[in-house]
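Secondary and tertiary structure notes
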Amino acid sequence: MGSTTQPSTQQRIELAIGGMTCASCANRIEKKLNKLDGVTATVNYATEKARVEYSGDLAPEELVATVEEAGYTAALPAPMAETPDASEPAAAEIDPTATLRQRLLISLVLSAPVIAMAMIPALQFTNWQWLSLTLAAPVVVWGALPFHKAAWTNLRHATATMDTLISIGTLAALGWSLYALFWGTAGMPGMTHPFELTIARDGGAGNIYLEVAAGVTTFILAGRYFEARSKRQAGAALRALLELGAKEVSVLRAGVEERIPVDQLAVGDQFVVRPGEKIATDGVVVEGASAVDASMLTGESVPVEVGIDDAVVGATVNVGGRIVVRATRIGSDTQLAQMATLVEESQNGKAQAQRLADKISGIFVPIVIALSVATLGFWLGAGGSVAVAFTASVAVLIIACPCALGLATPTALMVGTGRGAQLGILIKGPEVLESTRRVDTVVLDKTGTVTTGKMTLLKVHAADGEDDARVLELAGALEDSSEHPIAQAIAKGARDKVGDLLQVEGFANVEGLGVQGVVDGHAVVVGRRQLLADWSQQLDVELERAMSAAESEGKTAVAVGWDGKARGVVVVADAVKPTSAEAITQLRALGLTPILLTGDNAAAAQAIGDEVGIEQVIAEVLPQDKVDVVKKLQAEGKVVAMVGDGVNDAAALAQADLGLAMGTGTDVAIEASDLTLVRGDLRSAADAIRLSRKTLGTIKGNLFWAFAYNVGALPLAMAGLLNPMLAGAAMAFSSVFVVSNSLRLRRFRSNNG
């Protein structure tokens, strides 16, 4: 089927679908689209979107036409430039809910007296049945109009959905009542009938079912309204994410500030961010220093200090001084937009369990109609009255609507992924949830994952008679002039501990050995043992011991001497993140076995492992061999999660059963992973796995409820033990229950405050 050209021309598009009223509708559109050559489509009832992959020789308009042929509406995605104005989409989204609410309220006002009169014999005054007809007819005709329209569309396309069941059921109840009133005995003055939970075995032309017709319509409208409202709530996290961004920005043009809408900003533009303002887009600080609050994006509560050449992310808040930022990414390329895209894509996917539910709901409606006809035939054949046979068959139609089945997965996914985004956890798709349940081993890359990935000052050893602070003060001042990462770590440590650094004269870099110069009137040397030996400065026994101990643990030790004598040793290393040990404890509590993976020597790796509580350490692994480690563990029967942040982790992240990328890492690693941890805090990995498992648990609970409800209630309806009005109420309740159960995921809390 033209597969040779497909890979190179395959494209992806997302269509907004209108007119879907149930899971069967989604299933039908999906089937129609998938019949097209080279098209792979997934239609999500909850998000009302279709994600379509198609070959390049097919026009997107053809996809829209196919959806419209099936009796629904479809719209191509709006350009990115429209997204900054959040007010327009919000207004458009409120409309369907408002219309539905108006239809529900009018139906409720008209139905309440009809149901009350039917339930309470004391209210059945002379000719009450005619008032019932006057009130119930508008509910069934106008209130249930969306169901009738959808049923008519389905009939024209020779298909049936849950709307077909509702339409047939309510119209049949109204039709029977009209027959009984005008041609039977139900229209006689003084007619009464008691309300029963089950179906009376006698009766016939004297029975009316106006309360069923009006009550079922109202209950189902109520279910649809609460469902629509809950779907809006479920998608609130994504909308909140999109609305985080700044709307206007102060751009510097020829040194003059100019206020413009953020969508007019271009890459390379420099813009001013004052204290309290949102940073308009991703960029690099070119002037000033400040602290940035990134909590809304990363979940991290402590503001991050930024200065010249530091990267900043759009939508974060400047809480310190005035800074000037050069825009590096705009529009759909920004981290915020990419997060939103990831969240939306994951909400539009389908878990394995949902695919089964879709198949069932696709064949469910015809089966139910057949069961309803069979029930009618059975009761008539068994000698039951026409009224009993008809009522049982209507109850079957109404109780069977598997709306809850179609909502079970998408609502839980929407809420779970939305909540994850708020906590700085991006779940790429529903398949990820299936993986988290089975994972039993977690492989952790050391650098940048368990450790900070940056050299940090750990310790200062001063010789007898010397002061630690003085050693650090002179070494830090001299190293500040060097660009080397070790030198910068010493300089930063000195600045943090002793304050402003001293002035340096005659600075010289001795290639491969260290640095030398004059600080505060002293001739200072900082570097390897060899450099101090060249200046006839020998380390004493204590300093030699300290240096050897540090080196045996894989740390870097630097000797410091001045005025002809070795005065101290400064130790730097890639420091363990303060939260890593706690994260390992949390991962163990989830039943996972942690393994540390690193290219470092065994002694250094074991020291890190001991510090954070990991017994199993795999050291001296070349970057390209990381995939082999994962494969080997998988060959041993383990289900492996991999956590990493670098380019060299990307292949291993893709190979693992579950890949978790630190959001502070490279784009390649993030692209290859299943989950992205925006904060770069390893404890988020435990949160991500807990949230994924909880979301999957909610999906399974929802599906169980939806299946059990239909399977349990159908036989009752067929046996004539269920009044159609109660069937309608229970059907609407099952949908609301499933959505409410999913909304409980919004209460998910991180274990890390």
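Residues numbered from 1 in each chain as written. Predicted model: local features only at pLDDT ≥ 70, side-chain atom pairs only at ≥ 80, totals over all residues. Heavy atoms only, no water.

The name given to the chain in an unreviewed UniProt entry is Cation-transporting P-type ATPase B, and the organism recorded there is Nocardia uniformis. We quote the UniProt Subcellular location (unreviewed entry) comment for the chain here in full: "Cell membrane". The chain has a UniProt comment under Sequence similarities (unreviewed entry) that states "Belongs to the cation transport ATPase (P-type) (TC 3.A.3) family. Type IB subfamily." (UniProt positions renumbered as here; feature names shortened; annotations may be inferred.)

**Here we look at the overall build of the chain**
Summing up its helical and strand segments, the chain has 27 helices and 26 strands in all. Taking the intrachain contacts of the chain between residues at least 6 apart in sequence as the baseline, contacts between residues at least 24 apart amount to 69%. (Helix = DSSP H or I, 4+ residues; strand = E, 2+ residues; numbered from the N terminus. Contact = heavy atoms within 4.5 Å.)

**Comments concerning the pattern of salt bridges**
Following the criterion strictly, the structure yields 24 salt bridges and no others. Salt-bridge contacts for Asp269 lead to Arg253; the nearest nitrogen and oxygen are separated by 3.5 Å. Of this pair, Asp269 sits in the loop between strand S6 (256-261) and strand S7 (270-273) while Arg253 sits in strand S5 (residues 248-253); the two residues are 16 residues apart in sequence, bridging distant segments of the chain. Taking the relative accessible area as the measure of exposure, Arg253 reaches 34% and is therefore partly exposed. The shortest N-O distance in the salt bridge between Asp520 and Arg470 comes to 3.0 Å. Linking Asp520 in the loop between strand S18 (514-519) and strand S19 (522-527) with Arg470 in helix H17 (residues 468-479), this pair joins segments that are 50 residues apart in sequence. Since its relative accessible area comes to 46%, Asp520 is described here as partly exposed. For Arg470, a relative accessible area of 22% gives the class partly exposed. (Salt bridge = Lys/Arg side-chain N within 4 Å of Asp/Glu carboxyl O. Buried < 20%, exposed > 50% of the residue type's maximum accessible area, 1.4 Å probe, protein only.)

**Description of the pairing of strand S8 (residues 282-287)**
Direction of pairing for S8 relative to strand S13 (residues 323-329): antiparallel, over a ladder of 5 bridges. For Gly283, the partnering residue across the bridge sits in S13 and is Ala327. (Pairing = 2+ DSSP bridges.)

**Let's talk about the UniProt feature "transmembrane region" (unreviewed entry) in the chain**
When the UniProt feature table is mapped onto this chain numbering, "transmembrane region" (unreviewed entry) sits at residues 104-122, 128-145, 165-186, 206-226, 360-380, 386-409, 702-719 and 725-743. What you have in residues 165-186 is 82% helix and 0% strand, and the ends, taken at the C-alpha atoms, are 26 Å apart. Along residues 702-719 one finds 94% helix and 0% strand; the C-alpha atoms at either end are 26 Å apart.

**Some thoughts on the sheet that holds strand S26 (residues 675-677)**
One key point about sheets: their strands pair by backbone hydrogen bonds, in either a parallel or an antiparallel sense. In space, the 7 strands of this open sheet follow the order S14-S26-S25-S24-S15-S22-S23, with mixed pairing throughout. For this open sheet the edge positions go to strand S14 (425-427) and strand S23 (616-618), each flanked by a neighbour on one side alone. Taking the axes of each pair of neighbouring strands and ignoring which way they run, one obtains an average angle of 20° across the sheet. Here 3 bridges tie S14 to S26, and the two strands are oriented antiparallel to one another. Bridge pairing links Ile425 to Leu677 in S26. This element, helix H23 (residues 626-635), spans strand S15 (441-445), strand S22 (593-597), S23 and strand S24 (640-644) of the sheet and lies at about 160° to S24. (Axes fitted to C-alpha atoms, helices over the stretch in contact; angles between N-to-C directions.)

**Some remarks on a nonpolar patch on the surface**
Taken together, the side chains of Ile106, Trp142 and Leu145 make up a nonpolar region of the molecular surface, amounting to roughly 230 Å² of accessible area. Along the polypeptide, Ile106 turns up in helix H4 (residues 87-119). (Patch = residues over 30% accessible without salt bridge, like charges linked within 9 Å, V, L, I, M, F, W, Y side chains within 5 Å. Areas by Shrake-Rupley, 256 points an atom, 1.4 Å probe, with all protein chains shown as cover.)

**Quick notes on the side chain of Arg419**
Looking at where Arg419 falls in the secondary structure, it is placed in helix H14 (residues 403-422). Although Arg419 lies buried, it forms no salt bridge, and the closest oppositely charged side chain, Asp687, sits 9.1 Å away as judged by the N-O distance. Of note is the side chain of Arg419, whose polar atom sits 3.0 Å from the side chain of Gln422. Of the polar contacts made by the side chain of Arg419, one reaches the backbone oxygen of Arg746; its length is 3.4 Å. (Lys, Arg positive; Asp, Glu negative; His and termini not counted. Polar contact = N/O pair within 3.5 Å; in protein donor to acceptor, adjacent residues only side chain to side chain.)

**Here's the deal with the sheet that holds strand S9 (residues 290-293)**
In space, the 3 strands of this open sheet follow the order S10-S9-S12, with antiparallel pairing throughout. Pairing within the sheet leaves two strands with one partner each, and these edge strands are strand S10 (304-306) and strand S12 (317-318). Both S9 and S12 contribute to a ladder of 2 bridges, which runs antiparallel. Bridged to Asp293 within S12 is Val317.

**A short note on the nonpolar core**
Leu444, Leu658, Leu660, Leu675 and Leu682 are the most contacted members of the largest nonpolar core, which has 45 residues in total. By residue number, the principal contributor to this core is helix H26 (residues 683-718), which donates 8 residues. Sequence-distant contacts of Leu682, defined by excluding residues within four places in its chain, comprise Leu444, Thr449, Val450, Thr579, Ser580, Ala583, Ile584, Val643 and Met662. Within the second largest apolar cluster, 34 residues are counted, among which are Ile166, Leu181, Ala214 and Phe390. (Core = buried A, V, L, I, M, F, W, Y, C linked by side-chain atoms within 4.5 Å.)

**Quick word on helix H3 (residues 60-69)**
Among the residues making up H3, those that are buried are Leu63, Val64, Thr66 and Val67. The buried side chains of H3 occupy one side of the element, clustering within an arc of 160° when seen end-on. With its phi angle positive at about 100°, Gly71 sits one or two positions after the end of H3. (Arc of directions from axis to C-beta.)

**A few points about the confidence of the model for the chain**
For the chain, per-residue confidence averages 80 on the pLDDT scale, and residues scoring 70 or more make up 82% of the total. Helix H5 (residues 128-143) holds the highest mean pLDDT among the elements of the chain, 94, whereas helix H1 (residues 6-9) holds the lowest, 50. Every residue in residues 1-8 is under pLDDT 50, and counting partners more than four places away or in other chains gives 5 contacts. (pLDDT = per-residue confidence, 0-100.)

**Details of the packing of aromatic side chains**
The final tally for this structure, using the stated rule, is 6 aromatic pairs. Consider the rings of Trp176 and Tyr179, whose centres lie 5.5 Å apart with planes at 50°: the pair is tilted. One end of the pair, Trp176, and the other, Tyr179, are both in helix H7 (residues 162-182), 3 residues apart, so they sit about a helical turn from each other. When the ring of Trp705 is compared with that of Phe737, the centres are 4.6 Å apart and the planes differ by 40°; the resulting orientation is tilted. Residue Trp705 is found in helix H26, and its partner Phe737 is found in helix H27 (residues 724-743); the two are separated by 32 residues along the sequence. Ring pairing ties together the aromatic residues Trp130, Trp176, Tyr179, Phe182 and Trp183, which thus form one cluster. Taking NZ or CZ as reference, Arg103 lies 4.8 Å from the ring centre of Trp142, over its face. (Phe/Tyr/Trp six-rings, centres within 6.5 Å; stacked < 30°, edge-to-face > 60°. Lys NZ or Arg CZ within 6 Å of the ring centre and 35° of its normal.)

**Thoughts on the packing of helix H21 (residues 580-589) against H26**
Running from N to C, H21 and H26 point in directions that differ by 25°, and their axes come no closer than 7 Å. In terms of axis orientation, H21 runs roughly parallel to H26. Here H21 runs over H26; the crossing is left-handed. Together, Glu582, Ala583, Gln586 and Leu587 of H21 and Arg683, Ala685, Ala686 and Ile689 of H26 make up the contact between the two elements. A class-by-class count of the residues in the contact of H21 with H26 yields 5 nonpolar, 1 polar and 2 charged. (Parallel < 35°, antiparallel > 145°, perpendicular 65-115°, else oblique. Left-handed = near helix turned anticlockwise from the far one by under 90°. Nonpolar A, V, L, I, M, F, W, Y, C, P; charged D, E, K, R; others polar.)

**Observations concerning unusual backbone geometry**
Residue Asn127 is not a glycine yet carries a positive backbone phi of 65°. Residue placement: Asn127 occurs in the loop between H4 and H5. Asn127 gets classed as partly exposed once you look at its relative accessible area, which sits at 33%. A positive phi angle, near 50°, is found at Asp563, a position not held by glycine. Along the chain, Asp563 falls in the loop between strand S20 (556-562) and strand S21 (565-576).

**Digging into the packing of H5 against helix H6 (residues 145-156)**
Between H5 and H6, the least distance of the axes is 5 Å, while the angle of their chain directions is 45°. One finds that H5 runs oblique with respect to H6. Only Leu145, Pro146 and His148 of H6 make contact with H5, whose side of the interface consists of Val140, Val141, Trp142 and Gly143. For the contact of H5 with H6, the class distribution of residues is 5 nonpolar, 2 polar and no charged.

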